[in-house]
Amino acid sequence: MAGKDLIETKSLHRGDIFKLFLLTEKFKNARYSHEKPLSGRTFALIFEKPSLRTRVTFETAINELGGNSIYLSSQDIGLGKREPVKDVAENLSRWVSGIVARVFEHKSIEDLAKYASVPVVNALSDLEHPCQALADFFTIWEFYKGYKDLKFAWVGDGNNVCHSLMLFANLCGLKMHVATPKGYEPQKEYIKLSSAVVTNDPVEAVRDADIIYTDVWTSMGQEEEKALRLEKFKAFQINAQLVKHAKPSYILMHCLPAHRGEEITAEVIDSPHSVILDQAENRMHTEKAVMAWLCGNLKG
Ligand code: CP
Ligand code: NVA
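Keep in mind that what you see is a predicted model, and the values were worked out from it rather than measured.

For the rest of this paragraph, the subject is helix H7 (residues 160-172). An α-helical turn contains 3.6 residues, so a residue and the one three or four places further along point in the same direction. An ideal rise of 1.5 Å per residue puts 18 Å on 13 residues; H7 measures up with 19 Å between its terminal C-alpha atoms. Judged by how many residues are buried, H7 sits mostly within the fold: twelve of 13 residues are covered. Turning to H7, its buried residues are Asn160, Val161, Cys162, His163, Ser164, Leu165, Met166, Leu167, Phe168, Ala169, Leu171 and Cys172. Taken together, the buried residues of H7 touch helix H1 (14-29), helix H6 (130-144), strand E5 (151-155), strand E6 (175-179), helix H8 (188-193) and strand E8 (211-214). Where H7 starts, the residue carrying a side-chain oxygen 3.1 Å from the main-chain nitrogen of Val161 turns out to be Asn159. Immediately beyond the C-terminal end of H7, within one or two residues, lies Gly173, with a positive phi of roughly 75°.

Next up on the list: the site of ligand 2. What surrounds ligand 2 is the set Leu124, Asn159, Asn160, Val161, Asp215, Val216, Ser219, Met220 and Leu256. Side-chain polar atom of Asn159 to a nitrogen atom of ligand 2: 3.3 Å apart, as the coordinates give it. At 2.6 Å, a side-chain N or O of Asp215 approaches a nitrogen atom of ligand 2. Alone, ligand 2 offers 270 Å² of accessible surface; in the complex the protein occludes 95% of this. Per-class residue counts for the shell around ligand 2 are five nonpolar, three polar and one charged.

To continue, consider the state of the cysteines. A full pass over the atoms with the stated rule returns zero disulfides. Cysteine Cys295 is unpaired, with the sulfur of Cys131 as its nearest cysteine sulfur at 11 Å. For Cys295, a relative accessible area of 3% gives the class buried.

Once that is clear, we can look at the environment of Gln132. Mapping Gln132 onto the fold places it in helix H6. Residues Gln132 and Thr286, 154 residues apart in the sequence, show an inter-C-alpha distance of 9.2 Å. Ignoring sequence-local partners within four residues, the contact set of Gln132 consists of Val161, Tyr213, Cys255, Gln279 and Arg283.

This paragraph deals with the packing of aromatic side chains. Applying the stated rule across the entire model yields 15 aromatic pairs. Among the aromatic residues, those joined into a ring-pair cluster are Phe18, Phe21, Phe137, Phe138, Trp141, Tyr147, Phe152, Trp154, Phe168 and Tyr213. Between the NZ or CZ atom of Arg55 and the centre of the ring of Tyr71, over which it lies, the distance is 3.5 Å. Positioned above the aromatic ring of Tyr115 is the side chain of Lys86, whose terminal nitrogen or guanidinium carbon lies 5.6 Å from the ring centre.

This part covers the site of ligand 1. Close to ligand 1 lie Ser51, Leu52, Arg53, Thr54, Arg102, His129, Gln132, Cys255, Leu256 and Arg283. Take Leu52: an N or O atom from its main chain is 2.7 Å from an oxygen atom of ligand 1. Interatomic distance of 3.2 Å between a side-chain N/O atom of Arg283 and an oxygen atom of ligand 1. The residue makeup of the shell around ligand 1, split by class, is three nonpolar, four polar and three charged.

As defined by bridge partners, strand E1 (residues 42-47) adjoins strand E2 (residues 68-73) across six bridges and the pair is classed as parallel. Within the sheet, the bridge partner assigned to Ile46 lies in E2 and is Leu72. The parallel pair E1 and E2 is bridged by helix H2 (residues 53-64), and the resulting crossover is right-handed.

Basis of the calculations
- Residues numbered from 1 in each chain as written.
- Chains lettered and ligands numbered in written order.
- Predicted model: local features only at pLDDT ≥ 70, side-chain atom pairs only at ≥ 80, totals over all residues.
- Heavy atoms only, no water.
- Helix = DSSP H or I, 4+ residues; strand = E, 2+ residues; numbered from the N terminus.
- Expected span 1.5 Å × (residues − 1).
- Buried < 20%, exposed > 50% of the residue type's maximum accessible area, 1.4 Å probe, protein only.
- Contact = heavy atoms within 4.5 Å.
- Polar contact = N/O pair within 3.5 Å; in protein donor to acceptor, adjacent residues only side chain to side chain.
- Near = heavy atom within 4 Å.
- Areas by Shrake-Rupley, 256 points an atom, 1.4 Å probe, with all protein chains shown as cover.
- Nonpolar A, V, L, I, M, F, W, Y, C, P; charged D, E, K, R; others polar.
- Disulfide = S-S within 2.5 Å.
- Phe/Tyr/Trp six-rings, centres within 6.5 Å; stacked < 30°, edge-to-face > 60°.
- Lys NZ or Arg CZ within 6 Å of the ring centre and 35° of its normal.
- Pairing = 2+ DSSP bridges.
- Right-handed = clockwise from strand over helix to strand, strands pointing away.

Spelled out as structure tokens, the structure:
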């Protein structure tokens, strides 16, 4: 990878992604017998927000690669409050081999990366969720054996997950259509950097789609907007009516956690089209590849 960190998708090159996928396959195919490139190393996992998947997959991945991790919640370290991000980054760099961080403001992860001498991995910020997108594109690759001629429909909020997926779609050559309510489109920089088609019409995005993806309407940190968002996003629910417009063979993706009855119905998310558990499982395998690559000592 170009730099020492993985904090934004735009720092990745197409070649990096396929190298990470090959490494992921190697780790996935030999789950308990692969090499342990992080042996003897310790990693700090900073979480300002709750997590099931990201915390468990990083801890498990680091552990199975031979390393150890220390979970640090906001209460433990008060990133930027008890002491400046710079001091946290510089202190941690004297002890640990890498930092994985889930933060409210993207600037916190930028500052961690700026002041840490060890690799920093974005485990979700308000701007991006690159580790999620990496696992998702690996899941699509496994399912469809490539990306050629596939139509990817994102329906919902133009949020952090959407941003990372938009740039991954560009890198992987996948046509992405993003449907959001007016005013909830992805940030302009992401629209400019990607070749995604952005619309306010969910049917247009889903028509003949091979992949349908949605996420919560109210992300962590936006709780105060919940009532307004429930109202604004009503027409963007993934339900039986909407998915009729997709290809009959479509796959349904969601980064989770899901709110059944809000952004998606139980009927659709729990249908045979759903690959949500493959996505969740692949978080661990792809994160092994990221950690081994950035912080490891891989042979060859
Ligand atoms: N998809 C995801 O990042 O899940 P968590 O918030 O549970 O980590
Ligand atoms: N967009 C969601 C993703 C959760 C994994 C959030 O930021 O809360």
